[in-house]
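Spelled out, the chains give:
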Amino acid sequence: MLFRSSATALQAICSQCRGRMAEHFTGLILILEQIDEYNLKPEAANGLIKGVVMIISIMGQDQLCGAVEKVCLIQVTPLNTVMAAASSATPPKIVKHSTADPVLYLDRLSAVFRHVQPSNGCPPGGTAHPCKAVVEGLWPVLSRGLHLYQDDVRVTERTCRTIRFAIRCIGVQSSSLLQPLVTQLVGLYEAKGHSCYLYLGSILVDEYASETGCIPGLLSMLQAFISPTYGLLAAKGGLREHPDTVDDFFRLNARFLQRAPMPYLQTEFLKSILECALLSSALEHRDANASVMKFFYDLLHAGRTREDNPDFEARSHLIRALHSEYGGKLVDSLVRAAVLTLPSYTYQDIGDVLHECLQHDRPSVCSWLEECLKTLQDSQEIGRAHV
């Protein structure tokens, strides 16, 4: 209890007095090296690392890289030891929150990359981000972890989380990792189907879609994700059993609409994604349903925003065509889901999508609504007659 309180106090001091604590960095490193001997809860240990990283963030560019490397090495060394044991002929059972738990070190690495923010920002003129070399050096360890623990969802999710924060930390300067990471994610998703691979894919789209040369590879990644996703969701009860997959798959697609709408709208597989979204629209799961509705909203909204962009006319034309083809099905699916299946907390999102439909073609939407409501009324009357 005393150690935990001390760690919390030290984190607060590091956060509030960064300038004065910088001279004590060497002592703080010594504390981090002994952190597992204090029996701290993971949250307290991660908080202490956060405090130390905040001090690192105010260092000069020449010092910052070495400091981050030192903090990471303290976690990577035992992580490598744990992975070596897991690779043996008789791998030990993972005990949560023990020093043999890879998640312990992965979460600490996440804390490093999540909170390190160079006070001077990334140097201009193409100069490398101070954490670039550290992230690139860490990649083989994380890649090995993805492969080694592919059957363990908990460790896989935490590994993806660490990669997420590492990529967010240095942005497009992590481009050397893009191809090997995408290749590994595609292979692992085909084999194991963990939805966290989809989520990490959406992070890659967010970071790299601004780079025109990266878009074809990102779209190829999405295309490779489609078949395994449909396989999971098309099985009996697949939507109910895999809401995380629905959530992360449509978050990934929405990210394309936000970051690279035209290349995405021109793909051959978009219509199959729309059909999948229509089937998923009645899923009663808060996060999954919200992602499906966000996908529909972003799709329709993309046809009438950013009018100053040179691609506006072509983009608007593609989306109007999709609305003409799928609008009736969409309105019918949403109304039926709202009336027959979904709870009231989904109505706001459904209303937003219907509003976007109205902005595109009000007369058609009114006609579709009338037809849908009549069909619902007829089916209810038939039901009462049978009763």
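Cut-off values and rules
Position labels on residues start from 1 in each chain and follow its written sequence. For this predicted model, a pLDDT threshold of at least 70 governs which residues receive local features, and a threshold of 80 or more governs which side-chain atom pairs are given and counted, while totals over whole chains, interfaces and linings are taken from all residues. The side-chain quantities take in all heavy atoms of the structure and omit both hydrogens and water. Whether a set of points on the 1 Å grid over the protein atoms alone is a cavity depends on a 1.4 Å probe fitting there but being unable to get out, while an open set qualifies as a pocket with protein on both sides within 12 Å along at least five of seven lines; lining residues are those with an atom within 4 Å of a point. Grid points are joined across faces, edges and corners, and a volume is the space filled by probe spheres set on the points. Numbered from the N terminus, helices here are DSSP runs of H or I no shorter than four residues, and strands are runs of E no shorter than two. Following the grouping adopted for this structure description, the nonpolar residues are Ala, Val, Leu, Ile, Met, Phe, Trp, Tyr, Cys and Pro, the charged ones are Asp, Glu, Lys and Arg, and the polar ones are all others, Gly among them. The term salt bridge refers to a side-chain nitrogen of Lys or Arg lying within 4 Å of a carboxyl oxygen of Asp or Glu. Summary of the burial criterion: residues with accessible area below 20% of their type's maximum are buried, those above 50% are exposed, and those between are partly exposed, where the area comes from a 1.4 Å probe applied to protein chains only. Pairs of cysteine sulfur atoms within 2.5 Å are what we label disulfides. Confidence per residue, as judged by the predictor, is encoded in pLDDT with a range of 0 to 100. Residues are treated as being in contact if the distance between any of their heavy atoms lies within 4.5 Å. In this text, buried Ala, Val, Leu, Ile, Met, Phe, Trp, Tyr and Cys residues form a nonpolar core when linked through side-chain atoms within 4.5 Å. Within 6.5 Å between ring centres, the rings of Phe, Tyr and Trp (the latter by its six-membered ring) count as paired, and their orientation is classed by plane angle as stacked under 30 degrees, edge-to-face over 60, tilted in between. Cation placement over rings: the criterion is NZ of Lys or CZ of Arg within 6 Å of the ring centroid and within 35° of the ring normal.

(A) Spotlight on the layout of surface pockets. For the largest pocket, the calculated volume is near 240 Å³. Glu157, Arg158, Cys160, Arg161, Arg164, Ser195, Cys196, Tyr199, Leu200, Asp244, Asp247 and Asp248 together form the lining of the largest pocket. Of all the secondary structure elements, the ones that give two or more residues to the lining of the largest pocket are α8 (153-170), α10 (195-208) and α13 (243-259). Here the lining of the largest pocket takes 5 residues from α8, the largest share from any one element. Considering only residue class, the lining of the largest pocket consists of 4 nonpolar, 1 polar and 7 charged.

(B) Highlighting the pattern of salt bridges. What the rule picks out here adds up to 19 salt bridges. The shortest N-O distance in the salt bridge between Asp101 and Arg154 comes to 2.6 Å. Linking Asp101 in the loop between α5 (61-86) and α6 (102-115) with Arg154 in helix α8, this pair joins segments that are 53 residues apart in sequence. For the pair Asp101 and Arg154, one class covers both residues: buried. Here Asp248 and Arg251 are joined by a salt bridge, their closest N and O atoms 2.6 Å apart. Taken together, the residues span about one helical turn, with Asp248 and Arg251 both in helix α13 at a distance of 3 residues. Among the charged side chains, a network of salt bridges with common partners joins Arg168, Asp206, Glu207, Arg255 and Arg259.

(C) Seen up close, the state of the cysteines. In total, this model carries 0 disulfides according to the counting rule given. The thiol sulfur of Cys196 is not disulfide-bonded, and the nearest other cysteine sulfur, from Cys160, lies at 3.9 Å.

(D) Main features of the confidence of the model for the protein. Confidence in the prediction for the protein averages 90 pLDDT; 89% of positions are at 70 or higher. The model gives residues 381-387 a pLDDT under 50, and that stretch makes 0 contacts with residues more than four places away or in other chains.

(E) Looking closely at unusual backbone geometry. Its identity is not glycine, yet His97 carries a phi of approximately 70 degrees, on the positive side. Turning to its location among the elements, His97 is positioned in the loop between α5 and α6. The phi torsion at Arg306 lies on the positive side, around 50 degrees, for a residue other than glycine. Mapped onto the fold, Arg306 is located in the loop between α16 (286-301) and α17 (312-340).

(F) Layout of the nonpolar core. Grouped together as the largest cluster of nonpolar side chains are 121 residues, with contacts concentrated most on Leu204 and Leu218. What Leu218 contacts, discounting residues up to four positions off in sequence, is Leu178, Leu204, Val205, Tyr208, Ala209 and Phe256.

(G) View of the packing of aromatic side chains. Taken as a whole and judged by the stated rule, the model has 6 aromatic pairs. Ring geometry for Phe249 and Phe250: centres 5.2 Å apart, planes at 75 degrees, overall edge-to-face. In this pair, the class of Phe249 matches that of Phe250, namely buried. Relative to Phe295, the ring of Phe250 lies with its centre 5.4 Å away and its plane at 50 degrees, an arrangement referred to as tilted. Here Phe250 is found in helix α13, whereas its partner Phe295 is found in helix α16, with 45 residues between them in sequence. Of the two residues, Phe250 and Phe295, neither departs from the other in class, the shared state being buried. Connected via pairs of aromatic rings, a cluster forms that spans Tyr230, Phe249, Phe250, Phe295 and Phe296. Over the ring of Tyr345 we find Arg286, and its NZ or CZ is 3.9 Å from the ring centre.

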